[in-house]
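Report on the structure
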Amino acid sequence: MSIQKREKKPGWKELPEGDLIIGGGTASGFKTGDWRSKRPIFLKDKCIHCLTCWVYCPDSAIIVQDGKVIGYDYDHCKGCGICYHECPVKGKAIRMISEKEAKAKNTVIAKAEGPKQP
Ligand code: SF4
Ligand code: SF4
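Residues numbered from 1 in each chain as written. Chains lettered and ligands numbered in written order. Predicted model: local features only at pLDDT ≥ 70, side-chain atom pairs only at ≥ 80, totals over all residues.

Quick look at the overall build of the protein chain
How we decide: Going along the chain from the N terminus, every DSSP run of H or I of four or more residues is numbered as a helix, and every run of E of two or more is numbered as a strand. Contacts are defined on C-beta atoms placed from the backbone: any two residues whose C-beta positions lie within 7 Å are in contact.
In terms of regular secondary structure, the protein chain is built from three helices and four strands. Order of helices (α) and strands (β) in the protein chain, N terminus to C terminus: β-α-β-β-α-β-α. For the protein chain, the proportion of contacts with a sequence separation of at least 24, taken over those separated by at least 6, is 64%.

Here it is, written out as structure tokens:
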């Protein structure tokens, strides 16, 4: 039986640098929502605009205008579902759907609307 030499692994000094956030305490410049597997869907008719979801969202991804929720910043929403969990409305004013389902729906809508005008 032969003894094989182990391949030398790179040390931490050889590892490539990751992203750097140079500005103070913000990730707004990074589209952190691109690894989301689920997304919230806003059910406007059920919402009582209590803003509980806005308070609890860890990514400031709930868009509020004139004191009312109007939607989500999907560039930064990570799909954690906290907004859905905390929504106090019976039956919830938020629905969580898979990204796969969201993409399929967008495809259906795009097909129904026809080709975009240049
Ligand atoms: S799913 Fe999470 S990150 Fe996205 S809007 Fe809701 S609370 Fe914020
Ligand atoms: S927690 Fe629910 S009811 Fe309250 S603002 Fe958010 S979506 Fe609307």
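There is more to say after this.
Regarding the site of ligand 2
Worth spelling out the cut-off: Whether a residue is near a molecule or strand depends on its C-beta atom, generated from backbone atoms, being within 6 Å of that molecule or strand. In the scheme used here, Gly and all other residues not listed as nonpolar or charged are polar, with Ala, Val, Leu, Ile, Met, Phe, Trp, Tyr, Cys and Pro taken as nonpolar and Asp, Glu, Lys and Arg as charged.
Near ligand 2 you find C47, I48, H49, C50, L51, T52, C53, V69, C87, V89, A93 and I94, and these make up its full shell. The class makeup of the residues in the shell around ligand 2 is 10 nonpolar, two polar and no charged.

Points about the nonpolar core
Basically, it comes down to this: By convention in this section, buried Ala, Val, Leu, Ile, Met, Phe, Trp, Tyr and Cys residues joined through C-beta atoms within 7 Å make up a nonpolar core. For the exposure call, what matters is how many other C-beta atoms sit within 10 Å of a residue's own: 20 or more marks it buried, 12 or fewer exposed, and in between partly exposed, using C-beta atoms placed from the backbone.
C53, C57, A61, I62, V69, Y72, C77, C83, C87, A93 and I94 form the largest nonpolar core, which has 11 residues in total. Ignoring anything within four residues of it in the chain, the contact list for V69 reads F42, C47, H49, C53, W54, I62 and V64.

Some remarks on the site of ligand 1
What surrounds ligand 1 is a group of 13 residues, the closest being C57, C77, C80, I82 and C83. Counted by class, the shell around ligand 1 contains nine nonpolar, two polar and two charged residues.

Considering the confidence of the model for the protein chain
Condition: For every residue, the pLDDT score states the predictor's confidence, bounded by 0 at the bottom and 100 at the top.
Residues at a pLDDT of 70 or more form 84% of the protein chain, whose mean pLDDT is 85. Between the elements of the protein chain, mean pLDDT differs from a low of 75, seen in helix α3 (residues 99-113), to a high of 98, seen in helix α2 (residues 82-86).

What to know about the pairing of strand β3 (residues 68-72)
The side chains of a regular strand alternate between the sheet's two faces. Note the cut-off: Only strands that DSSP links by at least two bridges are regarded as paired with each other.
Both strand β2 (residues 62-65) and β3 contribute to a ladder of four bridges, which runs antiparallel. Across the sheet, I62 pairs through a bridge with Y72, a residue of β3. Where β2 folds back on β3, the antiparallel hairpin that results is connected by two residues, among which D66 adopts a positive phi of roughly 50 degrees.

Quick look at unusual backbone geometry
Here the phi dihedral of L51 falls at roughly 70 degrees; this positive angle occurs in a residue that is not glycine. Considering the arrangement of structural elements, one finds L51 in the loop between β1 (38-42) and α1 (52-56). For D66, which is not glycine, the phi torsion reads 50 degrees and is therefore positive.

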